[in-house]
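Here's the letter readout for the chains.
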Amino acid sequence: MDDRPRQPDDEPQDEGFRVLSSDEAESESESDPNQFGRVPVVRPDDPPSGGDTGEPAAAPPADEGAPPSDGAPALPHWTDPPTGDVPKIFGDTDDDLQAWSTVSSAQPRWRDQASDWDDSDLAELGQDLPPVGPSDEDPDDLITFDDDEFEQPATYSVPRDPAEPHDGRGADPYAEERVAAPRAGRDMGQAVAVGVGLVVLAGVLLTLGAKFVMALVVVVLVLASAEMFATLRRVGYNPPTLVGLAAAAALPLAAYWRGESGLVLGLVLTMVVALLWYLLDIGGEHAVPNIGVTVLTVAYVGVFGSFAALLLRAPDGTGLLLAAVIGTVAYDVAGLFIGRSMGRAPLSVASPNKTVEGTIGGMAAALLATVIVTGQIAPFDAMGDALLLGLVLAVAAPAGDLCESLLKRDLGVKDMGSILPGHGGLLDRFDGLLFALPATYYLARIVL
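Residues numbered from 1 in each chain as written. Predicted model: local features only at pLDDT ≥ 70, side-chain atom pairs only at ≥ 80, totals over all residues. Heavy atoms only, no water.

Trainee: Describe unusual backbone geometry, and please don't skip the residues or the numbers.
Mentor: Each neighbour pair has its own omega, and for alanine 378 with proline 379 the value is 10°, a cis peptide bond. Positive phi outside glycine occurs at histidine 286, with the angle close to 60°. Relative accessible area serves as the criterion here: at 34%, histidine 286 is assigned to the partly exposed category. Positive phi, close to 55°, is recorded for aspartate 316, a residue that is not glycine. In this fold, aspartate 316 is placed in the loop between helix H7 (287-312) and helix H8 (317-342). Classification of aspartate 316 as partly exposed rests on a relative accessible area of 47%. (Buried < 20%, exposed > 50% of the residue type's maximum accessible area, 1.4 Å probe, protein only. Helix = DSSP H or I, 4+ residues; strand = E, 2+ residues; numbered from the N terminus.)

Trainee: Tell me about the pattern of salt bridges, residues and numbers included.
Mentor: A side chain of one charge can pair with a side chain of the opposite charge when the charged atoms of the two come close. Tallied over the entire structure, the rule returns six salt bridges. Taking the shortest distance from any N to any O, the salt bridge between aspartate 415 and lysine 414 comes out at 3.5 Å. (Salt bridge = Lys/Arg side-chain N within 4 Å of Asp/Glu carboxyl O.)

Trainee: Report on the UniProt feature "transmembrane region" (unreviewed entry) in the protein, specifying residues and quantitative values.
Mentor: According to UniProt, the feature "transmembrane region" (unreviewed entry) maps to residues 212-230, 237-257, 263-280, 292-312, 318-339 and 360-380 in the numbering used here. The distance from the first to the last C-alpha atom of residues 318-339 is 31 Å, and the span holds 100% helix and 0% strand. Secondary structure across residues 360-380 divides into 62% helix and 0% strand, with the first and last C-alpha atoms of the span separated by 24 Å. (UniProt positions renumbered as here; feature names shortened; annotations may be inferred.)

Trainee: I'd like a rundown of the nonpolar core, residues and numbers included.
Mentor: It is characteristic of soluble globular proteins that their nonpolar side chains tend to be buried jointly. Of all hydrophobic cores here, the largest spans 48 residues; its most connected members are Leu232, Phe307, Leu321, Leu411, Leu427 and Leu437. Of all elements in the fold, only helix H3 (188-208), helix H4 (210-234), helix H5 (241-258), H7, H8, helix H10 (383-411), helix H11 (426-429) and helix H12 (431-447) reach the threshold of two or more residues within this core. The element contributing the most residues to this core is H7, with 11 residues. Of the residues that make up this core, three or more belong to each of domain 1 (198-313) and domain 2 (316-447). (Core = buried A, V, L, I, M, F, W, Y, C linked by side-chain atoms within 4.5 Å. Domains from an automatic or database assignment.)

Here is the structure:
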């Protein structure tokens, strides 16, 4: 007995679900297109829905309750074939363009409008930029730039501050640092005028006698030492300047009075006084580096320069000193002009402006000037002696020049002073002579 409740007679009973085969589904859809919510399939080869007459089907009736038309064109029925036309959905856009004109004087340009970029200044952007990519001349060149040469500032090493800790092996913790200093061109007219004036002054004093020349030697050595001490203080050292200047003035006088023994005595007294200076706490702290730079200055400027006094006290001393000066001046003048006109290969990192061509030309000039000029002056009036002196000066003068450049580069300065316009300081002008004087003196001792 079926216990299920019976449905009312006026309501159809639920038949449940029935699985249809593909053939049954196709037949059902063709018999009733709206059954199961299906949409009839329209094939391209099917006749139009209007029948076989070929006339288009009548438009379906408007839906009841549809909103009234707002003037927009009616869309075709979905069963109509495509026409290729795009309906106008935005209406008239003139009002929109007018709205844009209130924002900016230039209205927007739509994609279908002509481009006006060619008439704009923006088309010139990038014309001045260097070409990027390999060029026809050099395929390996990825980026090419203009070949304009700019004068690069010279770089100098920064010296170690004496107050900073040291590793005990002379290492400079600031050796890799560099300070840029603009390199100004030399005024050649001014430099030549000053050089001629120095030559005339030296000639007059040599004519007057050795004592007048000695006065000039003392003044030059004191001023050159003062330049060196001022530079050392400027970079952070604190040397006893008073002790150094007193030694620079006393050493040439002691050499002229007592010869080589006077130089030894002067060095001993300088060392003792410098040590006592710091022992009595007059010089402050850091005695080792400050005494070291003091003795360096006294030996480099005072002792080397005092060999002018040793030459003057020797027989034919005026001729000996004049020979050393002639060879050194010839090297400086020829090296400068040949290096500026023909110099290409740099000589040393200690002096980037000096070239191999200028150095060789200066050495040749020193040799020729010594043989030609000094060979006419006693005591080097013999050709062999003059030639030997020329060879010695051709080596000593550039060595002194490079050594002074080494000190300046390590201290981070271009010139030691500015007392001589166009030349720098006295030490900058007489650096080659500081090496030429001892070389001439000992050559005269050995040969003559």
